[in-house]
Amino acid sequence: MRIVVGVGGGIAAYKACALVRRFTETGHQVRVIPTESALQFVGKATFEALSGQPVSTSVFTDVPEVPHVRIGQEADLVVIAPATADLMARAAQGRADDLLTATLLTARCPVLFAPAMHTEMWEHPATVANVATLRAHGATVMEPASGRLTGTDTGPGRLPEPEEIFGLASLLLERPDALPRDLEGRRVIITAGGTREPLDPVRFLGNRSSGKQGYALARVAAQRGASVTLIAGNTVELAPPAAVDLVHITTAEQLATAVDKHAVGADAVIMAAAVADFRPTNVAAAKIKKGANEPDVIPLTKNPDILAGLVTARTEGRLGDTAIVGFAAETGDENGDVLTHARAKLARKGCDLLVVNAVGEGKAFEVDTNDGWLLGADGTESALDHGSKALLASRVLDALIPLLH
Ligand code: CTP
């Protein structure tokens, strides 16, 4: 695909280099268009070397090629990273005073802005209005991350990590309408990853959940405008999603406590975590050793069923009108195939929506793609086509919207 990476003049311009690299490594053709001030931070030669394409800021370079029209027309995606307050102001007004803004006017493909600026600038009414205008024009403006800004300041306004920008850009290539702002004002709780149940100070019972699907749900929900709390157990190394409150837990009991605390009054809870059904009854205070007191069995105690507990709490009026989504990882066995087990699980758990993944043989766990089925409590069933975990997340959120009160 042809991707234009527009670079605004902010210190985060250096992170655009990693983004360009990520696109070229995955086989995309990248054209970098910096603003004149971006070149104060990163030299033209760096962008030319990384993209393998000429770099210019002006419509007066290479005039016979009419670059200000052609580059935009031919692009499959335009990503602006970092999008500064000034660049977004010019784009919102439809200015065409350099090659980048001219390109934005001629592009008809998805456009993704990844803002980076000081918190005061991000929260200024002028910037708020410009972001609203860009969104009304059909562009996706990411929520910035919070954290360390230039100098010692912290707050919202940090450029989301290049990997996250890459993930959302890839999602827009798969599905241009994946990121509408239809979760604004909604509070969504998402659990992710596997729990670990300790046996002794160094050992635990765990599972193969990577957390990637739950993180993708949190990321996509936040970029669709939701206020997201992500309660994460053990995961592979994953960058915290931008604009998401992250709570870490280890065991199923800690997860249950965290869900209890955050779910009351939430619009939706999505249980993507792989919760251990059992925990060792006794946790040894010291490391279990070979020799005299070797255990030959490990007694187990059942953990609370958090999903079923949420449904009970809602029925008893302790939760609110919260929509409840469960996940089911199934293999199928002699008693039935994946969907038979999943239908039984939906009835047993009583949630509103069940996302079903077939697992085993390199499917669902640890990998970056997923597929499956969505089963509704109202009897509806639909297939979730194979794609990135972000794509599957966007489909799950589509199905969640009509369930929100
Ligand atoms: N779940 C939960 N609490 C548990 C176990 C599972 O909340 N103690 C949730 C998971 O987060 C998931 C759904 O229930 O959303 C289904 O999880 P799964 O492990 O597939 O189901 P189980 O309840 O373990 O059912 P089974 O043992 O029959 O597979």
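If you're wondering where the values come from, they're calculated on a predicted model, not measured in any experiment.

Engineer: With reference to specific residues and values, describe the site of the ligand.
Structural biologist: The environment of the ligand is formed by 15 residues, the closest being M271, D277, L307, K345 and K349. Within the contact set of the ligand, an oxygen atom lies 2.8 Å away from a backbone nitrogen or oxygen of L307. Taking 570 Å² as the accessible area of the ligand by itself, protein coverage stands at 78%. More than half of the atoms of the ligand fall within 2 Å of the grid points belonging to the largest pocket. Breaking the shell around the ligand down by element, the ones donating at least two residues are helix 11 (306-315), strand 16 (323-330) and helix 12 (338-349). For the shell around the ligand, the leading source of residues is strand 16, giving 4 residues. The residue inventory of the shell around the ligand, partitioned by class, reads 9 nonpolar, 1 polar and 5 charged.

Engineer: A description of the sheet that holds strand 16 should follow, citing residues and the corresponding values.
Structural biologist: Whenever strands of a sheet pair, they do so through backbone hydrogen bonds, lying parallel or antiparallel. Sheet architecture is open: 8 strands sit in the order 12-11-8-13-16-17-18-19, paired in mixed fashion. The outermost strands of the open sheet, each flanked by one partner alone, are strand 12 (244-248) and strand 19 (381-388). The sheet shows a mean angle of 20° between the axes of neighbouring strands, taken without regard to direction. As paired elements, strand 16 and strand 17 (residues 353-358) share 6 bridges and run parallel to each other. The residue bridging A329 from the neighbouring strand is N357, located in strand 17.

Engineer: So what about the pairing of strand 8 (residues 187-192)? Which residues, and what values?
Structural biologist: Counted residue by residue, strand 8 has 5 buried out of 6 residues, so it is predominantly covered. Relative to strand 11 (residues 227-232), strand 8 runs parallel, the two sharing 6 bridges. Residue pairing for strand 11: T191 is matched across the bridge by I231. Sheet analysis places strand 8 next to strand 13 (residues 268-271), joined by 4 bridges and oriented parallel. Looking at the pairing, T191 lines up with M271 of strand 13.

Engineer: Which residues make up the layout of surface pockets, and what are the values?
Structural biologist: Rolled over the atoms, a probe sized like a water molecule indicates the empty space that remains. Here the largest pocket defines a volume of roughly 850 Å³. Together, 36 residues line the largest pocket, and A273, A274, V275, F327 and A329 are the ones closest to its centre. Put simply, the second largest pocket is a space of about 590 Å³. Every residue lining the second largest pocket is counted, 22 residues in all, and those nearest its centre are E163, G167, R219, D368 and A390. With 8 residues, the single largest contributor to the lining of the second largest pocket is helix 8 (residues 162-174). Residue composition of the lining of the second largest pocket, grouped by class: 9 nonpolar, 4 polar and 9 charged.

Engineer: Residues and numbers for the UniProt feature "binding site: CTP" (unreviewed entry) in the chain, please.
Structural biologist: Following the UniProt record, one finds the feature "binding site: CTP" (unreviewed entry) at D277, K287, P304, D305, I306, L307, F327, K345 and K349. In terms of the greatest pairwise C-alpha distance, the residues named above, spread along 73 residues, do not form a single cluster, extending to 37.4 Å across. Lining of the largest pocket among the annotated residues: D277, P304, D305, I306, L307, F327, K345 and K349. When its relative accessible area of 53% is taken as the criterion, D277 is described as exposed. Sequence-distant contacts of D277, defined by excluding residues within four places in its chain, comprise T301, K302 and N303. On the accessibility criterion, F327 (16% relative accessible area) is buried. Leave out the neighbours within four places in its chain, and F327 touches Q213, L217, I270, M271, A272, L354, V355 and N357.

Engineer: Report on a nonpolar patch on the surface, specifying residues and quantitative values.
Structural biologist: Together, L205, F278, I298 and L300 line one region of the surface with nonpolar side chains, adding up to about 330 Å² of accessible area. Among the secondary structure elements, L205 is positioned in strand 10 (residues 203-205). Under the relative-accessibility criterion, L205 is labelled partly exposed at 31%.

Engineer: Just give me the short version of the packing of helix 8 against helix 9 (residues 212-223), but keep the residues and values in it.
Structural biologist: At their nearest, the axes of helix 8 and helix 9 sit 12 Å apart, and the two run at 75° to each other. In terms of axis orientation, helix 8 runs roughly perpendicular to helix 9. Contacts between helix 8 and helix 9 involve E164, L168 and L171 from the first element and R219, V220 and Q223 from the second. Considering only residue class, the contact of helix 8 with helix 9 consists of 3 nonpolar, 1 polar and 2 charged.

Engineer: Requested: an account of the nonpolar core, with residues and values cited.
Structural biologist: Counting 66 residues, the largest nonpolar core has F23, V79, I165, I190, L217 and I270 as its most contacted members. Once residues lying within four places of it in the same chain are set aside, the contact partners of I165 are L19, V79, A81, L112, A114, M142, L159 and P160. The next biggest cluster of nonpolar side chains, apart from the first, holds 29 residues, and it includes M271, L310, I324 and V338.

What counts as what
- Residues numbered from 1 in each chain as written.
- Predicted model: local features only at pLDDT ≥ 70, side-chain atom pairs only at ≥ 80, totals over all residues.
- Heavy atoms only, no water.
- Near = heavy atom within 4 Å.
- Polar contact = N/O pair within 3.5 Å; in protein donor to acceptor, adjacent residues only side chain to side chain.
- Areas by Shrake-Rupley, 256 points an atom, 1.4 Å probe, with all protein chains shown as cover.
- 1 Å grid on protein atoms, 1.4 Å probe; cavity = no way out; pocket = protein on both sides within 12 Å on 5 of 7 lines; lining within 4 Å.
- Sits in = over half its atoms within 2 Å of the grid points.
- Helix = DSSP H or I, 4+ residues; strand = E, 2+ residues; numbered from the N terminus.
- Nonpolar A, V, L, I, M, F, W, Y, C, P; charged D, E, K, R; others polar.
- Pairing = 2+ DSSP bridges.
- Axes fitted to C-alpha atoms, helices over the stretch in contact; angles between N-to-C directions.
- Buried < 20%, exposed > 50% of the residue type's maximum accessible area, 1.4 Å probe, protein only.
- Points joined across faces, edges and corners; volume = space filled by probe spheres on them.
- UniProt positions renumbered as here; feature names shortened; annotations may be inferred.
- Contact = heavy atoms within 4.5 Å.
- Patch = residues over 30% accessible without salt bridge, like charges linked within 9 Å, V, L, I, M, F, W, Y side chains within 5 Å.
- Salt bridge = Lys/Arg side-chain N within 4 Å of Asp/Glu carboxyl O.
- Parallel < 35°, antiparallel > 145°, perpendicular 65-115°, else oblique.
- Core = buried A, V, L, I, M, F, W, Y, C linked by side-chain atoms within 4.5 Å.

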